[in-house]
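One letter stands for each residue in the lines below.
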Amino acid sequence: MPLLDHSFIYEALPCERVLRALGHVRDVYGIRQIWFDERAHAMNVEYDASRMTVNDVAALLRSAGFALR
């Protein structure tokens with residue numbers, strides 16, 4: 001299982017609704033870990049590269065409500 005880590009830059013701090021939706025993203029098979037760097041407005045996601053691509057991860061985050069750059 002090749003694990004990759006990618007940083008996504010988001011526009012604004014997420015509201016409560018978006019953070020709740022992020023809980024569902026964490027439940028997606030292949031997403032291993034998500035952590036935030038609030039100073040850099042960045043979210044780091046570790047995922048299984050044999051199951052999904054960086055574009056798949058970005059689509060999941062956008063569907064949760066994150067405005068990614």
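The sections below set out a description of the structure shown in this document. (Residues numbered from 1 in each chain as written. Predicted model: local features only at pLDDT ≥ 70, side-chain atom pairs only at ≥ 80, totals over all residues. Heavy atoms only, no water.)

**Considering the environment of glutamate 11**
One can find glutamate 11 in the loop between strand S1 (3–9) and helix H1 (16–26). When its relative accessible area of 43% is taken as the criterion, glutamate 11 is described as partly exposed. Beyond its immediate sequence surroundings of up to four residues, glutamate 11 is in contact with His41, Ala67, Leu68 and Arg69. Within the structure, the side chain of glutamate 11 is placed 3.5 Å from the side chain of arginine 69, a separation counted as a polar contact. (Helix = DSSP H or I, 4+ residues; strand = E, 2+ residues; numbered from the N terminus. Buried < 20%, exposed > 50% of the residue type's maximum accessible area, 1.4 Å probe, protein only. Contact = heavy atoms within 4.5 Å. Polar contact = N/O pair within 3.5 Å; in protein donor to acceptor, adjacent residues only side chain to side chain.)

**Examining the nonpolar core**
One finds Met43, Val45, Val57, Leu61, Phe66 and Leu68 to be the most contacted residues of the largest nonpolar core, which totals 18 residues. When residues of this core are traced back to their parent elements, those giving at least two are H1, strand S2 (31–37), strand S3 (42–48) and helix H2 (54–64). Contacts of phenylalanine 66, omitting those with residues within four sequence positions, involve Tyr10, Pro14, Val18, Leu22, Phe36, Met43 and Leu61. (Core = buried A, V, L, I, M, F, W, Y, C linked by side-chain atoms within 4.5 Å.)

**Some details on the pattern of salt bridges**
For the structure shown, the criterion picks out three salt bridges. Here arginine 69 ties to glutamate 11 by a salt bridge, and the two come within 3.5 Å at their closest N and O atoms. Here glutamate 11 lies in the loop between S1 and H1 and arginine 69 lies in the segment after H2, a separation of 58 residues in the sequence. Judged by relative accessible area, arginine 69 falls into the exposed class, the value being 63%. (Salt bridge = Lys/Arg side-chain N within 4 Å of Asp/Glu carboxyl O.)

**Considering the sheet that holds S2**
An order of S1-S3-S2 is seen for the three strands of this open sheet, with the pairing classed as antiparallel. Each edge of the open sheet is held by one strand with a lone partner, namely S1 and S2. The average angle at which neighbouring strand axes cross in this sheet is 20°, direction not considered. With six bridges joining them, S2 and S3 adopt antiparallel strand pairing. Note that in S3 the partner of glutamine 33 across the bridge is glutamate 46. Each of S2 and S3 touches H1; the most contacted strand, S2, lies at about 150° to it. (Pairing = 2+ DSSP bridges. Axes fitted to C-alpha atoms, helices over the stretch in contact; angles between N-to-C directions.)

Geometric descriptors of this kind do not, in isolation, establish any biological role.
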